[in-house]
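Summary of structural features
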Amino acid sequence: MIINERDSRHEHLLSIARQIMTAARTAPKGKGVDIIEMVTVTGEDIKTLSDKVLEMAQTTGMKFFLRDGDNILQAEAILLIGTHDQAHGLNCGHCGFATCSGRTPGVPCAINSIDVGIAIGSACATAADLRVDTRVMFSAGLAAQHLNWLPGCTQAMAIPISAGSKNPFFDRKPKEKKE
């Protein structure tokens, strides 16, 4: 049997996406409480996410959304990692408020932010170990939140995954608005 890498790449990347999600799941969590959610986006859903990122470029005025919206179309899969909002009762003050109960609604618990950050770090380290190309994207994560692809999550980031001769997520040129 002869297996051409180009013919098996997509299925291999889906397997890698599953391994990356496992790495993120097993990353340490504050107080041992797991409030992380993850999904992998493929196929036409990547186009849907791209369209939402491009739409948000218009509504937010953030030009890098234009670049990112086009850029994620080069991904074979996109991992979305988010966290629910849950105060941990530590009254640590890292969120800017003296107590968890004094925290203004909408202000994220710092422990939740740290947890999603550690999960992202673990995911990206695993991706690097498996030699696939990635980049952490706030823009696509925010668009996924607007699409409600991680229900109940108050923070989300996207990690597009690719395997090619050059990482398409670095050395990107800014896009200009299309008139």
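See the structure shown above.
What comes next concerns the included structure.

1. Considerations on helix α3 (residues 64-71)
- Of all eight residues in α3, six are buried; the element is thus mostly enclosed.
- When we look at burial in α3, the residues that qualify are F65, L66, R67, D68, G69 and N71.
- Along its buried surface, α3 packs onto α2 (44-60) and α5 (138-146).

2. With respect to the nonpolar core
- Counting 22 residues, the largest nonpolar core has L49, V53, F65, I72, I78, L80 and A140 as the members making the most contacts within it.
- Mapped onto this core, the elements with two or more residues apiece are α2, α3, β2 (77-84), α5 and β4 (153-162).
- Take this core: its biggest share by element is five residues, from α2.
- Listed in part, the 18 residues of the second largest apolar core include M38, V132, I159 and I161.

3. Some thoughts on empty space enclosed by the protein
- Under the criterion given, the structure shown has one cavity of 30 Å³ or more.
- Taken as a whole, the largest cavity spans an internal volume of roughly 90 Å³.
- Contributing to the lining of the largest cavity are 16 residues, with C92, C95, C100, C109 and A110 lying nearest its centre.
- Per-class residue counts for the lining of the largest cavity are ten nonpolar, five polar and one charged.

4. Remarks on the packing of aromatic side chains
- Applying the stated criterion to the full structure yields two aromatic pairs.
- Residues F65 and F138 carry aromatic rings whose centres are separated by 6.1 Å and whose planes lie at 80 degrees to one another, so their mutual orientation is edge-to-face. Here F65 is found in helix α3, whereas its partner F138 is found in helix α5, with 73 residues between them in sequence.
- Judged by relative accessible area, which is 0%, F65 ranks as buried.
- Here the aromatic cluster, defined as three or more aromatic residues joined through ring pairs, consists of F64, F65 and F138.

5. As for the packing of α2 against α3
- Between α2 and α3, the shortest axis-to-axis distance is 8 Å and the interhelical angle comes to 170 degrees. On the basis of the axis angle, α2 is roughly antiparallel to α3. For the pair formed by α2 and α3, the contact residues are S50, V53, L54, M56, A57 and Q58 on the first element and F65, L66, D68, G69 and D70 on the second.
- Here the residues of the contact of α2 with α3 sort into six nonpolar, three polar and two charged.

6. A few points about the pairing of β4
- Counting buried positions along β4 yields eight of ten residues, so the element is predominantly enclosed.
- Here β2 pairs with β4 via eight bridges, running antiparallel. The residue of β4 that forms the bridge with G82 is A156.
- With two bridges joining them, strand β3 (residues 133-134) and β4 adopt antiparallel strand pairing. Opposite D133, over in β4, you have S162 as the bridge partner.

What counts, and where the lines are drawn
- Residues numbered from 1 in each chain as written.
- Predicted model: local features only at pLDDT ≥ 70, side-chain atom pairs only at ≥ 80, totals over all residues.
- Heavy atoms only, no water.
- Buried < 20%, exposed > 50% of the residue type's maximum accessible area, 1.4 Å probe, protein only.
- Helix = DSSP H or I, 4+ residues; strand = E, 2+ residues; numbered from the N terminus.
- Contact = heavy atoms within 4.5 Å.
- Core = buried A, V, L, I, M, F, W, Y, C linked by side-chain atoms within 4.5 Å.
- 1 Å grid on protein atoms, 1.4 Å probe; cavity = no way out; pocket = protein on both sides within 12 Å on 5 of 7 lines; lining within 4 Å.
- Points joined across faces, edges and corners; volume = space filled by probe spheres on them.
- Nonpolar A, V, L, I, M, F, W, Y, C, P; charged D, E, K, R; others polar.
- Phe/Tyr/Trp six-rings, centres within 6.5 Å; stacked < 30°, edge-to-face > 60°.
- Axes fitted to C-alpha atoms, helices over the stretch in contact; angles between N-to-C directions.
- Parallel < 35°, antiparallel > 145°, perpendicular 65-115°, else oblique.
- Pairing = 2+ DSSP bridges.

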